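# Chain and residue survey
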Amino acid sequence: MADQRDYYEVLGVSKNADEAELKKAYRRLAMKYHPDRNEGDEAAEVKFKEAKEAHDVLSNPQKRAAYDQFGHAGVSNSAGGGPGAGAAGAGFGDIFDSVFGDIFGGGGGGSRGGSRVHRGADLRYNLELSLEDAVSGTSVKIRVPKMVECTSCKGSGAKKGSSPATCPTCAGHGQVRMQQGFFSVQQTCPQCRGQGKIISDPCGSCHGQGRVRDSKTISVKVPEGVDNGDRIRLSGEGEAGENNGPAGDLYVHISVKDHPIFVRDGTDLYCDVPVSFSTVALGGELEVPTLDGKVKLKIPAETQSGKLFRLRSKGVRSVRNSSKGDLLCRVVVETPVKLNSKQKELLKQFDESMINGGNKHSPQASTWVDGVKKFFDSMTS
């Protein structure tokens, strides 16, 4: 793995490249380095295999997320087993159809000589969760508006009792070949618009589209430990495909609400604990909240403001493994307010006793004052 090049570098794209940019970059490299066009050129074959592997990973949302987080180690079992896996055996016709098919009417899941079927679009749903639900996991029902298969015609687009007819212009291919001098150009059939069929008696419910706009209630199981930016893929829950093509996928993007007490950082939780001056000076015990209930926190004498106390395994369980983070409590010394005259007098007496004790009661303040003095002395010397 150490010798493998970065997939974004292989394709020559940035890390925020979208699907169209990835596909464009792959087309260029596939045409340039395919073995059928570079027979006997081992260097070109290696570059072709690299490009294919990079595209296979980055064009898959789940594999790309794993690669972005863990690098090659995150996709070592899903990238086809290395740069050469499956690539060398791919014929030029196969790679041409899969990469360039949408330009010349091919691909899209259809067969040559039949109606062109198209995979349905992927959908995105933004799901907002409380911190408690994100940490413990939950199951929610969401309602998603999308294109679904028409139940009246079962996706054919033709009125019940009839069926689509093969296009006479392209004989069902969805494409026609035009001869222009020495060049033969393949174009989308103008009569069936690339569908390969003609519906003379369209369905009244979907008007020949084979799909209708509807909404569907879907149950989403949210795993324990999800965080902002995580997404859950629900295969086949996207929009229905055209001409009975496969449905797309639904991607549920997670957003976690701010919490009034805790701040999350990966698998760790942080919270501020207000503590009185007397407690940090003399020591004591406090009850602090966790997502599992209250626990006791011992405050040693002479604790300074800002001190962090770590409560092991009181954080968040990782969504990727069984490890659990910690809860870190930050001590915040609270200055007393609305003092009465007696309390003020007591504080004055206490302050005087501190001054009479010299530097031993406030070593940090004394060190700071000495540092400031040296600073100004150096400026004037």
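Below you will find a few notes about this structure. For clarity, every value in this text was computed on a predicted model and none was experimentally measured. (Residues numbered from 1 in each chain as written. Predicted model: local features only at pLDDT ≥ 70, side-chain atom pairs only at ≥ 80, totals over all residues. Heavy atoms only, no water.)

Right, let's get into the overall build of the chain. Along its length, the chain carries nine helices and 15 strands. For the chain, contacts bridging at least 24 residues in sequence account for 62% of all contacts bridging at least 6. Summed over its atoms, the accessible surface of the chain is roughly 23500 Å², and 50% of this surface lies on carbon and sulfur atoms. (Helix = DSSP H or I, 4+ residues; strand = E, 2+ residues; numbered from the N terminus. Contact = heavy atoms within 4.5 Å. Areas by Shrake-Rupley, 256 points an atom, 1.4 Å probe, with all protein chains shown as cover.)

Counted at 1.5 Å a residue, the expected span for helix α2 (residues 19-33) with its 15 residues is 21 Å, and the 21 Å between its end C-alpha atoms agrees. For α2, the full list of buried residues reads L22, A25, Y26, R27, L29, A30 and Y33. The backbone nitrogen of A20 lies 3.3 Å from a side-chain oxygen of the residue at the head of α2, namely D18. (Expected span 1.5 Å × (residues − 1). Buried < 20%, exposed > 50% of the residue type's maximum accessible area, 1.4 Å probe, protein only. Polar contact = N/O pair within 3.5 Å; in protein donor to acceptor, adjacent residues only side chain to side chain.)

What follows is about the sheet that holds strand β10 (residues 263-265). Read from one edge to the other, the open sheet built from four strands follows the order β10-β11-β15-β14, with strand pairing classed as mixed. With partners counted over all chains shown, the strands left at the sheet margins are β10 and β14 (308-311), one partner each. Recorded for the sheet is a direction-independent mean angle of 30° between the axes of neighbouring strands. (Pairing = 2+ DSSP bridges. Axes fitted to C-alpha atoms, helices over the stretch in contact; angles between N-to-C directions.)

Strand order in the open sheet made by the three strands is β1-β9-β8, with mixed pairing throughout. Each end of this open sheet is capped by a strand with a single partner; those strands are β1 (123-129) and β8 (231-234). When strand polarity is set aside, the average angle formed by the axes of neighbouring strands in this sheet is 25°. Of the pairings in the sheet, the one linking β1 to strand β9 (residues 250-256) comprises seven bridges and is parallel in character. Following the sheet pairing, E128 is matched in β9 by S255.

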